[in-house]
Each structure stands twice: as C-alpha cells, then as structure tokens.
Amino acid sequence: MSEPILAPFARFAASAASRDIPDAVMHAAKRCVLDYMGATLPGGAIAPAALMKTAFSDMLGRGQARLYPDGETTDARTAALINGAASHTIEFDDIYRDGIYHPGVPVISAALAIAEARGVSGDAFLRGVISGYEVSNRIAETVNPAHYTFWHTTGTVGTFGAAAAAATILGLDEEQSLHALANAGTLA
C-alpha cells in the first residue's frame, strides 16, 4: 500500500518542533509575523473584523488568545477567525506569488491563537509559523494556477497551513499531524 499523499507534510509538521532551524529561516519567520501585524492591526479596527467581534461578543473574555488591535481575549478558534479576517481586509497581507496565496492569513492567525491559548514559547510559535508556511506554500505552488480558476487558495490551501502550524505548536506526532491535515483537507 502506498503512503498517504499528506504523509511527507505530516512528517515535516511533526519534526518542526525539534529540528534544527537555520537562523535565516527564523529571521524570515519573524519578518512574516511583523508583516502580518502590519496588515492585521488596521484591519482589526474595521469591518468585517469589527462586525465579527460584535457577532462573537459572547465569546469575549473566554480564553487567552488575543484579538488585534485591542488585545481583548477570547478562545483560540474565535481569535483565529477574527484575526484572519482582519489580516486580509486591507489587502496589505503577504503573498506567495508562485502559489497565488496569502500564507500569513491562515497560518499566523491559527499559530498565534493556539500559541497564546496554550502559553507556548516564542520559539514554538515561530516553529509553527515555519511549518505552516512550508506545508501550505508547497501545496499552493503545486495546485496553482489551475486551482485559482475555481477557488481562493488562501481559504482552501490555507487550511493545510493552519493545521500544520497547530500540529507543530501542539507537539503532535506524525500520525496525529496526518489526521489534522486530512481533516483540514476535508473541511477546505
């Protein structure tokens, strides 16, 4: 029986928490986070993020993950959703040209929310960002440009990046990471 197509990505996500990461890659991840914040902070103050915050007002104060720009806390799922919307609103978010994809929106939104909710280190957070970018950028480049004819890559392929980032931050093993990625694909 052949290996599942997502297995190499699951292996990467599972090993990213402990593998040696070159300084240049860590630096690049930090720059991606700064870029993300530059788009998220103004986007968080206007619709749709401001409207979503009102719609999810019953979830405010129910967790450790932050909403930007005001820093109000909520659960990880709500924070990832609202911050993801905020980061894509003003169209200053990053782009991976070869994948026709904005990786920061799904990857950093999910990584930041789960990292804050779980109180993990900055190193663990950045490793999650690296994992999410690596997995989703490779998938995006593989499926495009044909995929973009019918679907918005950030919403579809982005689920794989978010799952990979979370798997790394949570310390999931290869099998658990494979299940996370497979479920992400089903939901995409």
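Each chain has its residues counted from 1, following the order in which its sequence is written. A pLDDT threshold of at least 70 governs which residues receive local features in this predicted model, and a stricter bar of 80 or more applies before side-chain atom pairs are shown or counted, although totals over entire chains, interfaces and linings include all residues. Side-chain descriptors were evaluated using all non-hydrogen atoms of the structure, hydrogens and water having been removed beforehand.

Novice: Teacher, can you tell me more about the side chain of Ser131 here?
Specialist: If you trace the backbone, Ser131 turns up in helix H6 (residues 122-143). In this scheme, a residue with accessible area under 20% of its type's maximum is buried, one over 50% is exposed, and one in between is partly exposed, where area comes from a 1.4 Å probe on protein chains only. Since its relative accessible area comes to 0%, Ser131 is described here as buried. Residue contacts follow a heavy-atom distance rule, with two residues in contact if any of their heavy atoms lie within 4.5 Å. Setting aside its immediate chain neighbours within four residues, Ser131 contacts Phe12, Ala13, Ala16, Ala164, Ala165 and Thr168. Only runs of H or I of at least four residues qualify as helices and only runs of E of at least two qualify as strands under DSSP, and these elements are numbered from the N terminus.

Novice: Looking at this structure, I do not really get unusual backbone geometry. What am I missing?
Specialist: Peptide bonds are mostly trans, and most non-glycine residues show a negative phi. For the bond running from Ala47 to Pro48, omega is 10°, close enough to zero to count as cis. Position of Pro48 among the secondary structure elements: in the loop between helix H2 (23-43) and helix H3 (49-55). A cis amide bond links Asn144 with the next residue in sequence, Pro145, at an omega value of 20°. With respect to the helices and strands, the residue Pro145 is situated in the loop between H6 and helix H7 (153-156).

Novice: Help me understand the packing of helix H5 (residues 104-118) against H6, please; the structure alone is not making it clear to me.
Specialist: Packed helices, taken two at a time, are described by the angle their axes make and the gap between the axes. To define axes, lines are fitted to C-alpha atoms, for helices over the stretch in contact only, and angles between the resulting N-to-C directions are given on a 0 to 180 degree scale. Two elements in contact, H5 and H6, have axes whose closest approach is 9 Å; the angle formed by their N-to-C orientations is 150°. Between H5 and H6, the interaxial angle falls into the category roughly antiparallel. Crossing angle aside, the handedness with which H5 passes H6 is right-handed. On H6, the residues that touch Gly104, Val107, Ile108, Ala111, Leu112 and Ala115 of H5 are Phe125, Gly128, Val129, Gly132, Tyr133 and Ser136. Orientation is classified from the angle alone, with under 35 degrees giving roughly parallel, over 145 giving roughly antiparallel, 65 to 115 giving roughly perpendicular, and any other angle giving oblique. Throughout, a crossing is termed right-handed when the near helix is turned clockwise from the far one, and left-handed when it is turned anticlockwise from it by less than a right angle.

Novice: It is not clear to me how the side chain of Ser109 should be interpreted in this structure. Could you clarify?
Specialist: With respect to the helices and strands, Ser109 occurs in helix H5. The exposure class of Ser109 is buried, given its relative accessible area of 3%. Pairs of N or O atoms within 3.5 Å make up the polar contacts considered here, provided that, within protein, one atom can donate a hydrogen while the other can accept it, and that residues adjacent in sequence are counted only when both atoms are side-chain atoms. Within the structure, the side chain of Ser109 is placed 2.9 Å from the side chain of Tyr36, a separation counted as a polar contact. From its side chain, Ser109 meets the backbone nitrogen of Gly84 in a polar contact 3.3 Å long. The contacts of Ser109, once residues within four sequence positions are left out, are Tyr36, Ala80, Asn83, Gly84, Ser87 and Gly104.

Novice: It is not clear to me how the pattern of salt bridges should be interpreted in this structure. Could you clarify?
Specialist: Pairing between side chains of opposite charge can happen when the charged atoms of each approach one another. What counts as a salt bridge is simple: a side-chain nitrogen of Lys or Arg found within 4 Å of a carboxyl oxygen of Asp or Glu. Following the criterion strictly, the structure yields seven salt bridges and no others. Arg138 serves as the salt-bridge partner of Glu134, at 2.3 Å between the closest nitrogen and oxygen. In this pair, Glu134 and Arg138 are both assigned in helix H6, four residues apart and thus about one turn of the helix distant. Linked by salt bridges that have partners in common, Glu3, Arg11 and Glu174 make up one network.

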